Amino acid sequence: MADPHTDTRQAPQRNVDLHEIAKFEQLADRWWDPSSEFRPLHDINPLRLNYIDERAGLPGKRVIDIGCGGGLLSEGMARRSANVTGIDLGEAPLAVARLHAAKDNIEVEYLNIAAEEIAAERAGQYDVVTCLEMLEHVPDPAAVVRACAELARPGGQLFFSTINRNPKAFLFAIVGAEYVLRLLPRGTHEYAKLIRPSELAQWCRDAGLEVRDTCGLTYNPLTQVYRLNRDVSVNYMMHAVKVS
Ligand code: SAH
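Not measured: the values here are computed from a predicted model.

**A closer look at the overall build of the chain**
Within the chain, the regular secondary structure consists of 8 helices and 8 strands. For 244 residues, the compact-globule estimate of 2.2 N^0.38 gives 18 Å, and the chain sits close to it at 17 Å. Viewed in the frame of its principal axes, the chain has a C-alpha envelope of about 55 × 40 × 35 Å. Within the chain, the proportion of its 244 residues that are buried is 50%. For the chain, long-range pairs separated by at least 24 residues make up 69% of all intrachain contacts whose partners lie at least 6 apart in sequence. The centroid of the 27 positive side-chain charges in the chain is displaced by 5 Å from the centroid of its 33 negative side-chain charges.

Here is the structure:
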């Protein structure tokens, strides 16, 4: 049988930037260290878990987490009694996620597969689809939103999060976070790939989703506290529903 990794005769064009995957592969062993490059994800995790749980009711739900990385959100949702599948195209983050879940006896299905590929296999099978801090790393984010919509059952709940694109977001999310406060490695985010809430909302509507809420996630560098609020100028989350 042809090796899928070396056989390029019919390799489908995947919606992935391998340089982006490599960035996360390199850092993967520190994913669960709350004082590492992943500290911002650790800090926001309870806030976003509460937001998703309050809006979708996680216990007993079938959930798929797109771009799950080392599993902070996937495992958090499984700990709240959801039945979780996490997918990513980085093998090292997935290995870390599997080990971490196994260590604590938490059941999560982690798969190395693209969103579009699993959408073709499992269309309409999920009550909840999450895709957080991932869209800004992908060549065609609208296609990922479409795949997420396909994965949801009618009435299913979808959650996206990313970073806005405007001068303030450039100053806070790139200059501030990567160069001044050094919360994230330089080059983590690229300005041109950031996404305005209006663009994400349009992709949602194009995919047959209805946007129910958009909320901001702000960081106060003095108190080092993150909060969910109405200020979507830098980091934000969007909740949408698959209407039919
Ligand atoms: N969603 C997680 C991780 C965010 S980091 C969280 O919020 O905690 C971004 C993740 O997206 C990385 O794990 C990276 O490997 C993954 N990623 C980037 N491009 C991807 C793609 N095209 N398909 C699947 N995962 C991708």
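Let's pick the thread back up.
**Overview of the pattern of salt bridges**
On inspection of all chains with the given rule, the structure shows 21 salt bridges. Residue E190 is joined to K193 by a salt bridge in which the shortest nitrogen-to-oxygen separation is 4.0 Å. E210 is the partner of R212 in a salt bridge, and the nearest nitrogen-oxygen pair spans 2.9 Å. One continuous salt-bridge network, built from bridges that share partners, spans D17, E20, K23, E190 and K193.

**As for the nonpolar core**
Ranked by internal contacts, the top residues of the largest apolar core, which has 30 residues, are I66, V129, V144 and F160. Looking at this core, the elements with two or more residues in it are strand 1 (62-66), helix 5 (115-121), strand 4 (126-132), helix 6 (141-151), strand 5 (152-163), helix 8 (197-206) and strand 8 (235-242). Looking at this core element by element, the count peaks at 6 residues for helix 6. In this view, V129 contacts I64, I66, C148, L151, A152, Q157, L158 and F159; residues no more than four positions away in its chain are not counted. Counting 23 residues, the second-largest nonpolar core is a separate cluster that includes A97, F159, C215 and M237.

**A few points about the packing of helix 2 (residues 39-56) against helix 3 (residues 72-79)**
Across the interface, helix 2 lies against helix 3 with an axial gap of 10 Å and an inter-helix angle of 45 degrees. With respect to each other, helix 2 and helix 3 are oriented oblique. Considering how the two elements wind past one another, helix 2 and helix 3 form a crossing that is right-handed. Seen from helix 2, the contacting residues are L41, H42, N45, R48, L49 and I52; seen from helix 3, they are L72, L73, G76 and M77. Looking at the contact of helix 2 with helix 3 residue by residue, the class counts come to 6 nonpolar, 3 polar and 1 charged.

**Focus: the UniProt feature "binding site: S-adenosyl-L-methionine" (unreviewed entry) in the chain**
Within this numbering scheme, the UniProt entry marks R48, G67, D88 and L132 as carrying the feature "binding site: S-adenosyl-L-methionine" (unreviewed entry). Assessed through its relative accessible area of 21%, G67 is described here as partly exposed. Mapped onto the elements of the fold, L132 is located in strand 4. On the basis of relative accessible area, L132 is assigned to the buried category, the value being 7%.

**Comments concerning the site of the ligand**
Close to the ligand lie 16 residues; N15, R48, G67, D88 and L132 are nearest. R48 places a side-chain nitrogen or oxygen 2.8 Å from an oxygen atom of the ligand. At 2.7 Å from an oxygen atom of the ligand is found a side-chain nitrogen or oxygen belonging to D88. Contact with the protein chains hides 98% of the accessible area of the ligand, taken as 570 Å² for the molecule alone.

**Some words on unusual backbone geometry**
A positive phi is found at S81, a non-glycine position, where the angle reads about 70 degrees. Here S81 shows up in the loop between helix 3 and strand 2 (83-88). On the accessibility criterion, S81 (49% relative accessible area) is partly exposed. Non-glycine residue R182 carries a positive phi angle of around 55 degrees.

**Quick notes on the packing of aromatic side chains**
Evaluated as defined, the whole model comprises 5 aromatic pairs. A ring pair is formed by F170 and Y191, whose centres lie 5.5 Å apart and whose planes are at 85 degrees; its orientation type is edge-to-face. Here F170 is found in helix 7 (residues 167-180), whereas its partner Y191 is found in the loop between helix 7 and helix 8, with 21 residues between them in sequence. You can call F170 partly exposed: its relative accessible area is 35%. With 4.4 Å between their ring centres and 35 degrees between their planes, Y219 and Y226 make a pair best called tilted. For Y219, a relative accessible area of 22% gives the class partly exposed. Residue classification places Y226 among the buried residues on the basis of a relative accessible area of 15%. Here a set of aromatic residues connected by ring pairs shows up, and it is made of F24, W31 and F38. Directly above the ring of F172 sits K168, whose terminal nitrogen or CZ lies 5.3 Å from the centroid.

What counts as what
Residues numbered from 1 in each chain as written. Predicted model: local features only at pLDDT ≥ 70, side-chain atom pairs only at ≥ 80, totals over all residues. Heavy atoms only, no water. Helix = DSSP H or I, 4+ residues; strand = E, 2+ residues; numbered from the N terminus. Rg over C-alpha atoms; globule rule 2.2 N^0.38 Å. Buried < 20%, exposed > 50% of the residue type's maximum accessible area, 1.4 Å probe, protein only. Contact = heavy atoms within 4.5 Å. Lys, Arg positive; Asp, Glu negative; His and termini not counted. Charge placed at Lys NZ, Arg CZ, Asp CG, Glu CD. Salt bridge = Lys/Arg side-chain N within 4 Å of Asp/Glu carboxyl O. Core = buried A, V, L, I, M, F, W, Y, C linked by side-chain atoms within 4.5 Å. Axes fitted to C-alpha atoms, helices over the stretch in contact; angles between N-to-C directions. Parallel < 35°, antiparallel > 145°, perpendicular 65-115°, else oblique. Left-handed = near helix turned anticlockwise from the far one by under 90°. Nonpolar A, V, L, I, M, F, W, Y, C, P; charged D, E, K, R; others polar. UniProt positions renumbered as here; feature names shortened; annotations may be inferred. Near = heavy atom within 4 Å. Polar contact = N/O pair within 3.5 Å; in protein donor to acceptor, adjacent residues only side chain to side chain. Areas by Shrake-Rupley, 256 points an atom, 1.4 Å probe, with all protein chains shown as cover. Phe/Tyr/Trp six-rings, centres within 6.5 Å; stacked < 30°, edge-to-face > 60°. Lys NZ or Arg CZ within 6 Å of the ring centre and 35° of its normal.

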